[in-house]
Every structure is written in C-alpha cells, then in structure tokens.
Amino acid sequence: MLFTGILLGLLVHAALVVWRCTFRVGEGHRAVLVTFGRAETKADGHTLVMHGPGLHWKKPWQHALDVSMKEQSLDLGDDNGAATAMASDGTILRLEAFVRYVPLEAELGRFLFGMARPVEHITGLFTCLLRNEIANIRPHVGDSAPPSDALATRFDFASQAGAYALVRQERKLLNDRIQSFCDEQIAGRYGVRFNAIDLADILPPDELADALNAVMQSESEADARLHRVEGECRQRIVSAERGVEIARARSRAAEIEIVKLATFLAELEQRGMLAEYVARRRAEVASESRALFVNEVNA
C-alpha cells in the first residue's frame with residue numbers, strides 16, 4: 001500500500017514537472033520566454049528568441065509570453081459602448097470606431113516590454129487622436145453661407161446640420177489625417193503596424209437626431225402633399241383643357257348649323273316661300289307642345 005502511494009505520488013510529480021517544463025504555441029502566434037523578468041535573447045543581447053507554433057520545452061521557472069501575430073481589432077468605445085468626441089461647434093458626437101493593427105515580429109520587444117498595458121495604451125492613444133482630429137475639422141476657408149432666400153425653405157443637411165454633417169462629409173479626410181499621423185509619428189515606436197482606423201458610424205446627440213428626424217419626416221410629408229396637389233392640379237388642367245376643346249367643337253358645330261340654316265332661309269326668301277315655311281314650322285311646334293298660350297293683340 002505504501003509502495004503504491006509513493007509510485008502514484010512520483011507519477012503526479014513527474015506529470016507536474018512535464019507540465020511546468022512545456023508550453024504550446026498556437027498557429028499564427030509567437031512566444032517569448034522570460035526568466036525572472038528577463039526575456040530570452042540571442043547572442044547579441046537584443047534580438048528576442050521567438051518560438052513558433054508547436055510544443056516546446058522550457059525550464060520550470062521560466063514563463064512564456066504568447067502574442068498573436070494576426071491582425072487585431074480594438075474597439076475604441078467606452079463602457080457605454082461608443083466613444084464620444086466634441087466637434088468644433090460643441091456638439092458631442094458618438095463614434096463607433098475600431099483600430100486594426102498587426103504586431104511586428106522584428107519589433108516584438110517594444111510591444112511586449114515597452115508598455116505596461118499595450119492594448120489599453122493603444123486604445124487610449126487612438127481615442128485621443130480621433131477626438132483631436134474631429135475637433136480640428138472646420139469649414140474650409142472661402143466656403144460661403146447658403147443664400148437667405150425666403151422661398152428656399154427646404155432643409156439643406158450639408159449646410160444646416162452643423163459640425164455633425166461636416167464630420168460625416170470629411171470622413172475620408174479624417175482617415176487620411178490619422179493615417180498620416182501614424183506613418184510619421186507612431187511607425188515603429190510601439191512595435192506594431194497600424195493598418196487603419198475604421199469609423200463604423202458617427203451618431204449625433206439624441207436631441208439633434210430627433211430634430212433631424214423630425215425635419216426629414218416633415219420634408220417627406222411636405223413632398224408627398226406637394227406631389228399630391230400637383231397631380232390634382234394637373235388633372236384639373238387636363239380636364240379644363242379637354243372641356244375647352246369640347247366647347248370649341250360644339251360652338252363650331254353650332255356655327256356651321258346656323259350658317260347652313262341662314263343660307264337655307266335666304267334661299268326660301270328669294271323664292272318667296274319663307275312665310276309658308278315659318279307657318280309650317282310654327283304649326284309643327286304647336287302640335288308637339290302640351291300647352292299653347294295665345295297672345296291676342298287688339299287692333
């Protein structure tokens with residue numbers, strides 16, 4: 001019984017030693033061994049010894065730092081889920097932004113040992129950079145204000161939505177400025193390569209969003225009513241034009257009938273038969289009428 005316990009203890013100890021003396025590196029990762037706070041380097045004393053994917057051996061007192069060499073994305077949002085920035089006119093904008101970066105294998109020492117918390121440091125750096133660039137976006141010199149025409153009552157988002165519209169319009173300029181700053185000021189300093197900063201969305205304050213939605217809804221309703229009224233007016237105009245054409249056709253027909261009747265009466269008068277024709281027509285009308293009123297004139 002004692003022998004079995006000792007054997008079992010030795011096996012557990014051996015398994016523990018094997019577990020403490022091995023470490024695994026996943027695909028797309030690199031690992032650096034640290035001995036009592038000092039990273040394992042090559043003969044030059046500066047280049048880190050990196051271990052690629054697979055199972056490796058280490059001393060029990062050594063610690064392996066695993067770093068992903070894949071492109072990583074950092075959310076620049078705060079605890080509420082979105083970063084905030086103040087525009088040039090004081091509007092507080094909400095930003096959904098992400099930073100994409102890749103650690104450089106040749107500069108991995110800067111990334112691991114140059115900063116206490118590299119991920120938090122990069123997040124804070126780009127949050128400050130993004131806020132600074134947004135605050136510096138202003139209207140271009142020479143841009144004229146929209147003409148104050150009393151008839152121009154339609155809402156112009158580009159000129160009347162303030163800094164919010166300007167930031168949305170200058171999104172490409174904002175990305176170019178940040179990329180230029182990364183290339184000139186940050187490249188190689190943090191041991192990573194910054195690929196891009198993605199502005200997924202720029203959201204206005206709730207009050208401004210409600211106002212813009214109300215304006216757009218009012219414009220939509222006004223456009224719908226305008227189109228409806230225009231359609232009704234066009235229909236009335238077409239009906240009126242058609243009525244005028246019908247009235248003209250009727251008047252032409254009546255004119256032709258009157259001319260022919262006048263010609264016919266003139267021929268009867270020339271033949272001396274006008275009185276008989278009139279008498280006959282009077283008799284026909286009198287026979288078709290239900291009531292006949294006779295006006296007797298006293299001689």
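Refer to the structure printed above.
Residues numbered from 1 in each chain as written. Predicted model: local features only at pLDDT ≥ 70, side-chain atom pairs only at ≥ 80, totals over all residues. Heavy atoms only, no water.

1. Here's the deal with the nonpolar core
General note: in soluble globular proteins, nonpolar side chains tend to be found buried as a group. Core analysis: the largest hydrophobic core is formed by 39 residues, its most contacted members being Phe126, Leu130 and Phe194. Every element with two or more residues in this core is listed here: β8 (83-86), β9 (92-103), α2 (108-113), α3 (118-135), α5 (163-169), α6 (171-186) and β10 (192-203). When neighbours within four sequence positions are excluded, leucine 130 is seen to be in contact with Leu76, Leu95, Ala97, Leu174, Ile178, Ile197 and Leu199. (Core = buried A, V, L, I, M, F, W, Y, C linked by side-chain atoms within 4.5 Å. Buried < 20%, exposed > 50% of the residue type's maximum accessible area, 1.4 Å probe, protein only. Helix = DSSP H or I, 4+ residues; strand = E, 2+ residues; numbered from the N terminus. Contact = heavy atoms within 4.5 Å.)

2. What about α3?
With 18 residues, α3 extends 26 Å between its outermost C-alpha atoms, agreeing within 8% with the 26 Å of an ideal straight helix rising 1.5 Å per residue. Looking at α3, one finds that the buried residues are Pro118, Ile122, Thr123, Phe126, Thr127, Leu129, Leu130, Glu133 and Ile134. All buried residues of α3 fall inside an arc of 165 degrees around its axis, so they share one side. Seen from the buried face of α3, the exposed residues on the opposite side, beyond 90 degrees, are Glu120 and Cys128. (Expected span 1.5 Å × (residues − 1). Arc of directions from axis to C-beta.)

3. Some words on the packing of aromatic side chains
Tallied over the full model, the rule gives four aromatic pairs. A centroid spacing of 6.4 Å and a plane angle of 45 degrees characterise the contact between tyrosine 101 and phenylalanine 111, whose relative ring orientation is tilted. On the criterion of sequence distance, the pair formed by tyrosine 101 in strand β9 and phenylalanine 111 in helix α2 is long-range, its members being 10 residues apart. Plain terms: the ring middles of phenylalanine 264 and tyrosine 277 are 5.4 Å apart, the flat faces sit at 80 degrees to each other, and that makes the pair edge-to-face. In this pair, phenylalanine 264 sits in helix α7 (residues 206-271) while tyrosine 277 sits in helix α8 (residues 274-288), placing the two residues 13 residues apart along the sequence. Members of the aromatic cluster, joined through ring pairs, are Tyr101, Phe111, Phe126 and Phe194. (Phe/Tyr/Trp six-rings, centres within 6.5 Å; stacked < 30°, edge-to-face > 60°.)

4. Things to note about the pairing of strand β2 (residues 29-35)
Both β2 and strand β6 (residues 62-68) contribute to a ladder of seven bridges, which runs antiparallel. Its bridge partner being in β6, arginine 30 is matched across the sheet by valine 67. The sheet contact formed by β2 and strand β4 (residues 50-51) spans two bridges and is antiparallel. Within the sheet, the bridge partner assigned to valine 32 lies in β4 and is methionine 50. Relative to strand β3 (residues 38-39), β2 is paired through two bridges, and the arrangement is antiparallel. (Pairing = 2+ DSSP bridges.)

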